[in-house]
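# Report on the structure
One letter stands for each residue in the lines below.
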Amino acid sequence: MRNVYLFVFFCLSTSAWAQNEAEVVSVFPTTMDFLSDNKTEALLEVRSSGDAYFITKKILDIQTKKRIKGAGSTWAIKRGESYYFNMIYSDDFLNGIFIKLDVVGRYCLSLLDKSTFNRVKAGSVNPYGGGALGLLANSSITWNKALKDSTDSKRYIVFIDTKSIEPADSPRKEGSRGNLLTRKKVSELMKNNNIEGEAKDMSFEEVIALIKSENAKSR
């Protein structure tokens, strides 16, 4: 029995060590670095993660193994073959969770399922304050509903226009913001593509196809 306990303890210890083990990633400090593929290799330690997000524990210099100054305001990180966007650059959520980008181009999208949306939302700060004024200021919440995909699952769309660069405001560097997609933006894209109808009637798949079409034009 003692050997069984030792074996379980060894497995748990190995698992915990593996989660804290640093991995090599590509860091993009700003949107412009992302667009020009000007990346810096760094070591990433993850505090916690899900299928479509992670929370950093440390971002370290590969050579010195010391924390990189200002790394908390990194605009994006490439981990494996996937890009992740720092939600500190989101006015809707305003937190340091990195979310996976499902569409990359002039317009980047993160397609959050309900579970990931709730996780990201749970760590958020409302920069507009409470009350009716705060709700009116946060215009993107006017969509205020998830779109259902072909499997009838709720999805929330975080939309980033990489050509729209906002000035730095501490702790954020100069860069593009990523917020929940608005009906107003969808209507604008529909008009640009001579698509008749109303944004509220667009399906999840139609919205994604529209934005991918816009990205193809920008290549």
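You'll find the structure just up there.
All figures in this text were calculated on a predicted structure; none of them were measured in a lab. (Residues numbered from 1 in each chain as written. Predicted model: local features only at pLDDT ≥ 70, side-chain atom pairs only at ≥ 80, totals over all residues. Heavy atoms only, no water.)

Here we take up a nonpolar patch on the surface. Taken together, the side chains of M32, L35 and I165 define a hydrophobic patch exposed on the protein surface, amounting to about 250 Å² of accessible area. Along the chain, M32 falls in helix α2 (residues 31–35). When its relative accessible area of 46% is taken as the criterion, M32 is described as partly exposed. (Patch = residues over 30% accessible without salt bridge, like charges linked within 9 Å, V, L, I, M, F, W, Y side chains within 5 Å. Areas by Shrake-Rupley, 256 points an atom, 1.4 Å probe, with all protein chains shown as cover. Salt bridge = Lys/Arg side-chain N within 4 Å of Asp/Glu carboxyl O. Helix = DSSP H or I, 4+ residues; strand = E, 2+ residues; numbered from the N terminus. Buried < 20%, exposed > 50% of the residue type's maximum accessible area, 1.4 Å probe, protein only.)

Another aspect to go through is unusual backbone geometry. In this structure, P171 follows S170 across a cis peptide bond, with omega equal to 10°. Structurally, P171 can be placed in the loop between β9 (154–161) and β10 (178–180). The phi dihedral of K65 is positive, around 65°, even though this residue is not glycine. Mapped onto the elements of the fold, K65 is located in the loop between β3 (53–60) and β4 (76–79). With a phi close to 55°, N194 is a non-glycine residue in the positive phi region. Among the secondary structure elements, N194 is positioned in the loop between α5 (183–192) and α6 (204–217). The exposure class of N194 is exposed, given its relative accessible area of 71%.

Next up on the list: helix α3 (residues 114–122). Each turn of an α-helix holds 3.6 residues, which means side chains three or four residues apart point in the same direction. Residues of α3 that are buried: T116, F117 and V120. Down the axis of α3, the sector holding all buried residues measures 100°, keeping them to one side. The outward face of α3, more than 90 degrees from its buried face, is lined by the exposed residues S115 and A122. If you follow the buried residues of α3, they end up packed against β3, β6 (98–100), β7 (107–113), β9 and β10. (Arc of directions from axis to C-beta. Contact = heavy atoms within 4.5 Å.)

Taking strand neighbours around the barrel as the criterion, the six strands line up as β1-β2-β3-β6-β5-β4 in a closed arrangement whose pairing is antiparallel. Each strand of the sheet is rotated relative to its neighbour by a mean of 45°, with strand direction disregarded. In the sheet, β3 pairs with β6 via two bridges, with the strands oriented antiparallel. Within β6, the residue paired with F54 across the bridge is F98. (Pairing = 2+ DSSP bridges. Axes fitted to C-alpha atoms, helices over the stretch in contact; angles between N-to-C directions.)

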